[in-house]
Amino acid sequence: MISYVPVKEITLDQLPKARRKRVSPIKNTRDWKETLERIVSGDFEALKVEFAAETLKLGKSAPDRFKRMLAEEIKTLKPGAGIRLTFRGKSANGAPILYVLRLLSTNPRIRK
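The paragraphs below set out a description of the structure included in this document. What you see is a predicted model, and the numbers here were worked out from it, not measured in a lab.

**Comments concerning the environment of threonine 76**
Next up, step 1: If you trace the backbone, threonine 76 turns up in helix H3 (residues 62–76).
Next up, step 2: Polar side-chain contacts of threonine 76 include one of 2.6 Å to the backbone oxygen of glutamate 73.

This is the structure in structure tokens:
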């Protein structure tokens, strides 16, 4: 005979506290903060992000995670509508270089 009850009614006092939402260590790097500040300011045509050693220490996939997280963050920003992210080339330390491009209708070199 089974002695436990899989569904049980409890009071709100018995409800466990919610755990805090984790913040990625990438969002605590200087690269993240500077890149986001420049994007929010909106005064750029293109930004070149060469990852610092502190960012690369976070793991082999840190540049890819950085790009995915930045793309999600840009979706929440108002000036982020015409921004494209792309990796092109490698820096001296072998990490990919991230370019943040502002898609301006007056710039014929950048296609949407």
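**Structural notes on the sheet that holds strand S3 (residues 96–102)**
Next up, step 1: In spatial order, the strands read S1-S3-S2; together these 3 strands make up an open sheet with antiparallel pairing. Looking at the sheet topology across the chains shown, the edges are occupied by strand S1 (46–49) and strand S2 (83–90). This sheet shows a mean twist of 25 degrees between the axes of neighbouring strands, independent of strand direction.
Next up, step 2: With 4 bridges connecting them, S1 and S3 associate as antiparallel partners. If you follow leucine 47 over to S3, its bridge partner there is valine 100.
Next up, step 3: Contacts from helix H1 (residues 30–41) reach S1, S2 and S3 within the one sheet, and its direction differs from that of S1 by about 180 degrees.
Next up, step 4: Its contacts with the sheet place H3 against S2 and S3, and it is angled at close to 165 degrees to S2.

Scoring rules and cut-offs
- Residues numbered from 1 in each chain as written.
- Predicted model: local features only at pLDDT ≥ 70, side-chain atom pairs only at ≥ 80, totals over all residues.
- Heavy atoms only, no water.
- Helix = DSSP H or I, 4+ residues; strand = E, 2+ residues; numbered from the N terminus.
- Polar contact = N/O pair within 3.5 Å; in protein donor to acceptor, adjacent residues only side chain to side chain.
- Pairing = 2+ DSSP bridges.
- Axes fitted to C-alpha atoms, helices over the stretch in contact; angles between N-to-C directions.
- Contact = heavy atoms within 4.5 Å.

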